Amino acid sequence: MKLPVYLYGHPVLRKISESLAEGADGLKELVAQMFEAMYESEGVGLAAPQIGKNIRLVVIDADPVAETFPECAGRKFTLINPEIEILDGDMVSRPEGCLSIPGISENVPRVEHIRLSWLDEDFKPHTEEMSGFLSRIVQHECDHLEGKVFTDRISGIRKQLIKGKLNAIAQGRVTPDYPFRVAPKAKRR
Ligand code: NI
């Protein structure tokens with residue numbers, strides 16, 4: 001079964017996700033399904049809230065953008081309970097997209113350097129300093145675990161300009177070419 005991607009406007013994208021405990025049932029299968037859903041939709045990262053689960057789990061395969069961003073070459077991870085430490089406050093803006101916000105790309109300011117600590121799918125701990133686009137992907141995905149999406153970080157003016165498009169997604173007037181799920185009708189504004 002292919003996992004559908006939950007779209008902007010769905011309440012699951014706005015909740016703070018729960019930490020994952022070792023021995024969680026069906027975790028490896030879920031991770032495999034998330035990678036499959038990510039590849040199917042041609043994304044480089046996918047966070048569990050985007051497939052309707054509020055748990056602190058992210059999959060990333062940044063290799064497809066390695067031609068433009070060499071730091072992404074061969075970088076494939078499963079992040080469980082990831083934690084980001086900001087290493088410098090310099091903000092860099094670059095365009096981002098999100099599988100939960102199809103058809104929209106906006107410049108998003110983010111810090112360039114982070115230190116990431118996480119557990120892999122065997123619950124082994126890792127720590128690594130990251131920069132460039134890899135750091136951006138990680139920050140974007142970890143935002144999802146806090147109930148945030150990239151459009152929360154753009155200017156008020158830009159947000160106003162894309163408001164119509166965001167509403168269209170929230171109301172289900174969108175057809176990405178991968179399996180998706182929109183907000184329940186009763187909860188639409
Ligand atoms: Ni996203």
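The numbering scheme is per chain: residues are counted from 1 as the chain's sequence reads. With the structure being a predicted model, the display of local features is reserved for residues of pLDDT at least 70 and the display and counting of side-chain atom pairs for 80 or more, all residues being used for whole-chain, interface and lining totals. In computing side-chain properties, one takes all heavy atoms of the structure into account and sets aside hydrogens as well as water.

Colleague: Can you tell me about the coordination of the nickel ion, naming the residues and giving the values?
Modeller: Only nitrogen, oxygen and sulfur atoms qualify as donors, and only when within 2.8 Å of the metal (3.2 Å in the case of Na, K and Ca); with water excluded, sites may look incomplete. Note on the nickel ion: its protein donors are Cys98 (SG), His140 (NE2) and His144 (NE2). The metal-donor distances range over 2.1 to 2.2 Å. For every residue, the accessible area (1.4 Å probe, protein chains only) is compared with the maximum for its type, and the residue is labelled buried under 20%, exposed over 50%, or partly exposed between those bounds. Judged by relative accessible area, His144 falls into the buried class, the value being 1%.

Colleague: Lay out unusual backbone geometry with the relevant residues and their values.
Modeller: One non-glycine residue, Glu42, adopts positive backbone phi at about 60 degrees. A run of DSSP states H or I qualifies as a helix once it reaches four residues; a run of E qualifies as a strand once it reaches two. Both are numbered from the N-terminal end. Assignment of secondary structure puts Glu42 in the loop between helix 1 (27–40) and strand 2 (45–47). We classify Glu42 as exposed; its relative accessible area is 73%. Notably, Phe123 is not glycine yet its phi reads approximately 65 degrees, a positive angle. With respect to the secondary-structure elements, Phe123 resides in the loop between strand 7 (114–119) and strand 8 (125–130).

Colleague: Describe helix 2 (residues 132–145), listing the residues and the values that go with them.
Modeller: In this scheme, a helix's expected span is set at 1.5 Å multiplied by one less than its residue total. With 14 residues, helix 2 extends 21 Å between its outermost C-alpha atoms, agreeing within 8% with the 20 Å of an ideal straight helix rising 1.5 Å per residue. Burial analysis of helix 2 places 14 of its 14 residues in the buried class, which makes it a mostly covered element. Phi for Gly147, located one or two positions after helix 2, is positive at around 80 degrees.

Colleague: So what about the pairing of strand 7? Which residues, and what values?
Modeller: Alternating positions in strand 7 separate cleanly, Ile114, Leu116 and Trp118 being buried on one face and Arg115, Ser117 and Leu119 remaining unburied on the opposite face. By this definition, two strands are paired if DSSP reports at least two bridges between them. Pairing of strand 4 (residues 76–86) with strand 7 involves five bridges; the strand directions are antiparallel. Across the sheet, the residue bridging to Ile86 is Ile114, located in strand 7. Between strand 7 and strand 8, which pair antiparallel one after the other, the connecting turn spans five residues, and Phe123 there sits at a positive phi close to 65 degrees.

Fair warning: the whole summary comes from geometry, so function is off the table for now.
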